[in-house]
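Below are the chains, spelled out letter by letter.
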Amino acid sequence: MLYSDVRVNETVGREIGRLYMEASPELTCHARKAYDAFIRQTTEQFADVERCVNVIFQDDDPYGGDAGRMFDDIRQNHTLKIYKTREGEDHPYLTHRQNDLFRAVHDFNGHYRAGTGFDRHGEEGAWQCHSRMYSGMARRAMTTETRGQNSAMIWSLGAESFPPQKAILLPAWVSEGLTADTEEWFALGWPSTGELRR
């Protein structure tokens, strides 16, 4: 599969964005367990990434949103620079360090391995590639942090601002992907959100 050829489905993206924005920010027991698993698996992935490249966390945006520059840095210098979480960007469950580790593993295991940029199609391709590296409930937390937030930013907020961070679990279908049949149902306006929610 060529992740660089992935194209986000607007109808699905809008529904995911709506679900994210309307979700209660309250941290549930299930979400806590999912995020604990997500943190463990992200930490393990980061150790693997560090065996491949030198990861540098810095206070400014190292690549200016240009994935090509990041790819060149990884290939030519065996270096991956990460824009650190800033003060005021607090996550309801992750520490700044944990958030930074995820930024690193997602840029490497998502965007770099998938060969995708940072536009809406690239983010979807990176999610499809990287989510396969998470198992169980951790994948649902990872999906909230990527597909959920990106859908909310792009389709609900017009890519003009970042949505509020939430440690939530979206319906399982969001993290398990969609079949062609499901995409056809969305195009027809069915099933309803309630029927998809589980």
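Residues numbered from 1 in each chain as written. Predicted model: local features only at pLDDT ≥ 70, side-chain atom pairs only at ≥ 80, totals over all residues. Heavy atoms only, no water.

1. A few points about the nonpolar core
- One finds Phe-38, Val-53, Val-55, Leu-80 and Tyr-134 to be the most contacted residues of the largest nonpolar core, which totals 28 residues.
- Going through the elements one at a time, α2 (29–50), α3 (67–77), β2 (79–83), α4 (96–114) and α6 (137–156) are the ones with two or more residues in this core.
- In terms of residues, this core owes the most to one element, α2, which gives seven residues.
- Sequence-distant contacts of Val-55, defined by excluding residues within four places in its chain, comprise Phe-46, Val-49, Glu-50, Leu-80, Ile-82 and Ala-104.
- In this structure, Val-12, Leu-19, Tyr-20 and Leu-170 belong to the second largest nonpolar core, which totals nine residues. (Core = buried A, V, L, I, M, F, W, Y, C linked by side-chain atoms within 4.5 Å. Buried < 20%, exposed > 50% of the residue type's maximum accessible area, 1.4 Å probe, protein only. Helix = DSSP H or I, 4+ residues; strand = E, 2+ residues; numbered from the N terminus. Contact = heavy atoms within 4.5 Å.)

2. Comments concerning the packing of aromatic side chains
- Summed over the entire model, instances satisfying the criterion amount to seven aromatic pairs.
- Every member of this aromatic cluster is reached through a ring pair, and the members are Tyr-35, Phe-38, Tyr-93, Phe-102 and Tyr-134.
- Over the ring of Trp-127 we find Arg-147; its NZ or CZ atom is 4.2 Å from the centre of that ring.
- Across from the ring centre of Tyr-20, 5.3 Å away, lies the NZ or CZ of Lys-166, which sits over that ring. (Phe/Tyr/Trp six-rings, centres within 6.5 Å; stacked < 30°, edge-to-face > 60°. Lys NZ or Arg CZ within 6 Å of the ring centre and 35° of its normal.)

3. Here's the deal with α4
- Between the first and last C-alpha of α4 there are 25 Å, a value that for 19 residues agrees with the 27 Å anticipated at 1.5 Å per step.
- Just beyond α4, the residue with positive phi is Gly-115, at close to 70°. (Expected span 1.5 Å × (residues − 1).)

4. Overview of the environment of Tyr-112
- Residue placement: Tyr-112 occurs in helix α4.
- The spatial distance from the C-alpha of Tyr-112 to the C-alpha of Cys-129 is 9.9 Å, given a sequence separation of 17 residues.
- Not counting residues within four places of it along the chain, the set of residues in contact with Tyr-112 comprises Met-70, Phe-71, Ile-74, Arg-75 and Asp-107.

5. Examining the pattern of salt bridges
- Scanning the entire structure with this criterion turns up ten salt bridges.
- Measuring nitrogen to oxygen at the nearest pair gives 3.1 Å for the salt bridge that ties Glu-15 to Arg-18. On the criterion of helical spacing, the pair formed by Glu-15 and Arg-18 is a turn pair, its members being three residues apart in helix α1 (residues 10–22).
- Of the residues examined, Arg-18 reaches a relative accessible area of 27% and is grouped as partly exposed. (Salt bridge = Lys/Arg side-chain N within 4 Å of Asp/Glu carboxyl O.)

6. Some thoughts on unusual backbone geometry
- With phi around 50°, His-78 is a residue other than glycine that occupies positive phi space.
- With respect to the helices, strands and loops of the structure, His-78 is situated in the loop between α3 and β2.
- In this model, Ala-159 sits at a positive phi of 60°, which is unusual for a non-glycine residue.
- Within the secondary structure, Ala-159 sits in the loop between α6 and α7 (172–176).
- Looking at Ala-159, the relative accessible area reads 53%, which means it is exposed.

7. Remarks on the side chain of Arg-147
- Relative to the helices and strands, Arg-147 resides in helix α6.
- Residue class for Arg-147 comes out buried when judged on its relative accessible area of 7%.
- Separated by 2.7 Å, the side chain of Arg-147 and the backbone oxygen of Val-174 make a polar contact. (Polar contact = N/O pair within 3.5 Å; in protein donor to acceptor, adjacent residues only side chain to side chain.)

8. Observations regarding the packing of α3 against α4
- Following both chains from N to C, one finds α3 and α4 inclined at 105°, their axes separated by 11 Å at the closest point. As far as their axial angle goes, α4 and α3 are roughly perpendicular. Between α3 and α4, the contacting residues are Met-70, Phe-71, Ile-74 and Arg-75 on the first element and Asp-107, Phe-108, His-111 and Tyr-112 on the second.
- Its residues assigned to classes, the contact of α3 with α4 comprises five nonpolar, one polar and two charged. (Axes fitted to C-alpha atoms, helices over the stretch in contact; angles between N-to-C directions. Parallel < 35°, antiparallel > 145°, perpendicular 65-115°, else oblique. Nonpolar A, V, L, I, M, F, W, Y, C, P; charged D, E, K, R; others polar.)

9. Brief notes about the side chain of Lys-166
- Structurally, Lys-166 is set in the loop between α6 and α7.
- Although buried, Lys-166 forms no salt bridge, and the nearest oppositely charged side chain, Glu-22, lies 9.0 Å from it.
- There is a polar contact of 2.7 Å between the side chain of Lys-166 and the backbone oxygen of Tyr-20.
- Among the polar contacts listed, one links the side chain of Lys-166 to the backbone oxygen of Met-21, at a separation of 3.0 Å. (Lys, Arg positive; Asp, Glu negative; His and termini not counted.)

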